[in-house]
Amino acid sequence: MKANLGVEVPWQRVMLILIALPSVLFHVCHGQTDDYENPAAPPPGLDECNGLFLTYSFISREKEYPRVKNASAQAWAFKSLASITNTGQYELKGWQMFVGFQHKEILVSASGAIVVDGDDFPLEVGNGTTFAGNPMTDLKTAIDTAGDFTQISAQIEITGSVFGIKPPGVPMPKNIKLVNAGYKCPKATLKGKTYMQVCCKKDPKAKKVDKKVLKFLPRRYGDLSLTYDVLQAYGSNYQAQVTIENINPLGRLDHWNLTWEWMNGEFISKMRGAYTHKRDFSECVYGPAGKYYTDLDFSTVMNCEKKPVIADLPPERKNDSQVGKLPYCCRNGTLLPAIMDESKARSIFQLEVFKMPPFLNRTALAPPEKWKIDGVVNPQYKCGPPIRVDPTEFPDSSGLDSKTYAIASWQVTCNITRPKEKLSRCCVSFSAYYNRSAIPCNTCACGCDNNMGCSKTARAMLLPAESLLVPFDNRTNKALAWANLNKFKVPNPRPCPDNCPVSINWHIDSDYKTGWTASVTLFNWDDSPFEDWFSAIQINKAYKGLEGVYSFNGTTFDNLNKTIFLQGLPGLNFLVGEVNGTKPGDPRIPGKQQTKISFTKKHTPGINIARGDGFPTRILFNGEECALPKQIPLSSAEQKSPFKFLTVIIMAIMTFITMTDHLH
C-alpha cells in the first residue's frame, strides 16, 4: 500500500502505527490535515477475525557486550511488540497470552502485562511464557465501547536479550496463542520474517462458564498462597489484609520474612498482626509523601520503605488491643503443614496503606509487586506476580448467616524450588554397623565462603562414627587419625565443612532374616531451637516394610510419594540449639534427638540392606530438602566380592592359556 505522501510503506510498519495510534481504526478527525482523511487499512486478518486477534512483531536488536567470536554465544538486545484485540461479541475477562519464545530469551521488561509464572526481571523465558494484562486485565467488545480501541485492545512492549540468532535471521517465537479457557487457536501464521498473527475463536464444545461466578482469573494452586484483600477504600488510603496459607503437606515456614515492592509511592501507616523490621519515617518526610501530606504526623507511620520487610508478631502480642487480636496472627512466623496442625497452616495481618497522586481515586487500587518470602531452615519459595482474582468472601462479622466480600483481591502463588547444589540448609550423613567408617555430609553442602583456605571440591573425608557428635572444627584430628589407620588418601588442601545448621544421621543398626532396624539422629548446630519440628523420609525400597517408630511420632503417607513423616511426641517436640561443653575448652554440644525404626522384610522381598537398599533416597527437615551423601556404606563382603570374582576369572583365563600352550 502507499501512504498519502507517495512513499512505499511495509505493512509490518503499518501494523505498528495502528497500534501506536489506535483511534485511526475507528474514526477520522476532520479537524486535522489531509493526511488523516484516508486512514490506513487495519492489519491483515483483523477484519476477518471474529474472536481474539493476537499479533507479535519483532522491532529491532543491537549487539550486546561482551562481543564474542562464537556466534551461538553472542547476546543481542531486542525489542518486540505483542498485541491482543477483541474483535468478537464476547467480553474477555482476565486475558492471558502465551508467547512461545525458543532462543534462550531473557526478558528485561514487559510493559502493559505481567509474566504469570515468573519472578523478578531479568527472567529466562527460553521455553515460552504466558503474559496477563496489567493494569488492563479485561478486553471489552467494540459494541459495548462504540469501537474504543483503548478498551478492546492491549499491547505488550517487550525488551530483552536473545542469543545466537545473528542477522539476517530473526528470533521469532514458534507460536502465539490465547490461554483462556473456552477458546481455540490455530497455529499462528508468519507474515514475512518479523510478524506473526493468529485469530482465536470461541470453542463450541467448551463448557459454558457462569459469568456471574467468574469475573476475574481463577485462583491457582501453589505450595504457598498469599492473598492481598482490600477491605476498605477511601480517596487517599485503604485498608488491606494479607493471608498466607501453607498448602503443601510438606511445606513449612519458621520466622517468616515477607517483602514486596510498592510501585506507586505507597507507604504503610499502621499494621496489626505483624510489624516491619525498620521504622524509619525519614523517607516519607524528605520524599514526595512529605510534600503532599503536609499535615500528617509521620512519627506514627509504620514504614516508608519502597521494599519493606514484614515479620509476624510474637505470641505475647496476640491479645494486644492495638496491634494484635487478629485470628491466625502472632505465632512468631511459624506456618506448619496442615497434616501437623491445620489451625497453624495460616497467617494473617492487616495494614493501612496511604497512596500518592495521581492514584487518589477510591477505585485506584493496585497491589505491591515482586513478592518474596523466606524462613529459617525452610524450603526456598519462588513467588509469581499478583493476579487479580474474584473478591474473597468472608463470614459476616455480626454472626448472621450472610457473607461479605473484599473490595478487590489479588493472589500471589509461591512454589518450592529444590535447592541447587551446595545451597541447602540441612544435610544427611550415612553409617552402618557393617562398615567402620561413617560418611559425613558433603563438602560445602550448605555453601562455602570464598576465602576459607580449604577445598570446596574435595570429597568429604570418612570418619569414625563417634566424630559425628562433635563440631566440624574438632573433627580434624579424628579424621586424620582415621585416614592414617585405614590408609585413606588425605586431600591437600583438606575439604571444607558442610556449614549446615541442621544435620541428620541415618544409621543401620541390624540386619537379620526377617527384618532390620535403623536409627535416625537429628543434630541442631545452630543457636536457635526448633519447635514442632518434623522430618519427611522417602525410602522407596523399604517403605512397605515399616514396622514401628519408637521415640518419635511416625506416620506413613502413600499419597505423598510414599513418605514416612516423623515429628516429636507431645512434650518432646523441641530440638534445642547448640550449647557450650561442660568444661571450658570442650567442644560445643549440638541439640540432639534420636529414634529407632524397625522394618520387616515380609512385604519387601528381595531387599538387600548390605547393598544399600536400607538408605533413604530423599530427606526433608521442616520442609527443607537436605543434601544426601554421594556414596553409601557397603559391607566388607559386598565391597570385596566383585574383586574376588574378577580374580577367579583372571586365574581361569591364565590357566586356559597355559594349557593351550602345552597342547601346542
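For clarity, every value in this text was computed on a predicted model and none was experimentally measured.

A. Main features of the pairing of strand β1 (residues 52–63). Bridging between β1 and strand β2 (residues 75–86) involves 11 bridges; their strand directions are antiparallel. In the sheet register, R61 faces β2, and the bridge partner there is F78. By the bridge criterion, 6 bridges tie β1 to strand β12 (residues 195–202) in an arrangement that is antiparallel. Within β12, the position partnered with S57 by the bridge is Y195.

B. Main features of the pattern of salt bridges. Under the counting rule described, the total for this entry stands at 19 salt bridges. Among the salt bridges present, the one from D511 reaches K601, with a minimum N-O distance of 2.7 Å. Here K601 lies in the loop between β37 (591–600) and β38 (618–621) and D511 lies in strand β29 (residues 502–511), a separation of 90 residues in the sequence. Look at D511 and you get partly exposed, because its relative accessible area is 28%. Through salt bridges that share partners, E261, K306, K307 and K370 make up one connected network.

C. Structural context of the pairing of β2. Taking burial as the measure, the 12 residues of β2 include 10 buried ones, the bulk of the element. With 11 bridges joining them, β2 and strand β8 (residues 153–163) adopt antiparallel strand pairing. Pairing of I84 across the sheet is with A154, part of β8.

D. Expanded view of the sheet that holds strand β5 (residues 113–115). On the basis of which strands lie adjacent, the open sheet formed by 4 strands has the order β5-β7-β3-β9 and antiparallel pairing. The sheet terminates laterally at β5 and β9 (176–178), the two strands that pair on one side only. When strand polarity is set aside, the average angle formed by the axes of neighbouring strands in this sheet is 30°. The pairing of strand β3 (residues 96–99) with strand β7 (residues 129–133) spans 4 bridges and is antiparallel. The residue of β7 that forms the bridge with Q96 is A132.

E. View of the state of the cysteines. Overall, the coordinates contain 10 disulfides when judged by the stated rule. At a sulfur-sulfur separation of 2.0 Å, the disulfide partner of C284 is C304. The sign of the -110° torsion about the S-S bond sets the C284-C304 disulfide as left-handed. On the criterion of sequence distance, the pair formed by C284 in helix α4 (residues 282–285) and C304 in the loop between α5 (288–292) and β18 (309–312) is long-range, its members being 20 residues apart. Pair check on accessibility: C284 and C304 agree, each one buried. Bridging C383 to C414, the disulfide has an S-S length of 2.0 Å. In this structure the cystine formed by C383 and C414 twists about its S-S bond by roughly 100°; its chirality is therefore right-handed. In this pair, C383 sits in strand β21 (residues 380–383) while C414 sits in strand β25 (residues 408–417), placing the two residues 31 residues apart along the sequence. Of the two residues, C383 and C414, both sit in the buried class.

F. Molecular detail of the sheet that holds strand β33 (residues 546–549). Strand order in the open sheet made by the 7 strands is β28-β27-β26-β29-β30-β37-β33, with mixed pairing throughout. For this open sheet the edge positions go to β28 (463–464) and β33, each flanked by a neighbour on one side alone. Two strands pair when backbone bridges link them, and strand β26 (residues 426–432) and β29 are joined in this way by 7 bridges, in the parallel orientation. Note that in β29 the partner of S429 across the bridge is N505.

G. Here's a closer look at helix α6 (residues 476–486). Buried residues of α6: A479, W482 and A483, and no others. Angularly, the buried residues of α6 cover 100° about the axis, an arc narrow enough to put them on a single face. Turned more than 90 degrees off the buried face of α6, the exposed positions are N477, N484 and L485. In this structure, the buried residues of α6 make contact with β27 (435–439) and β28. Looking one or two residues beyond α6, the residue adopting positive phi is K487, at roughly 60°.

Definitions and cut-offs
Residues numbered from 1 in each chain as written. Predicted model: local features only at pLDDT ≥ 70, side-chain atom pairs only at ≥ 80, totals over all residues. Heavy atoms only, no water. Pairing = 2+ DSSP bridges. Helix = DSSP H or I, 4+ residues; strand = E, 2+ residues; numbered from the N terminus. Salt bridge = Lys/Arg side-chain N within 4 Å of Asp/Glu carboxyl O. Buried < 20%, exposed > 50% of the residue type's maximum accessible area, 1.4 Å probe, protein only. Axes fitted to C-alpha atoms, helices over the stretch in contact; angles between N-to-C directions. Disulfide = S-S within 2.5 Å. Arc of directions from axis to C-beta. Contact = heavy atoms within 4.5 Å.

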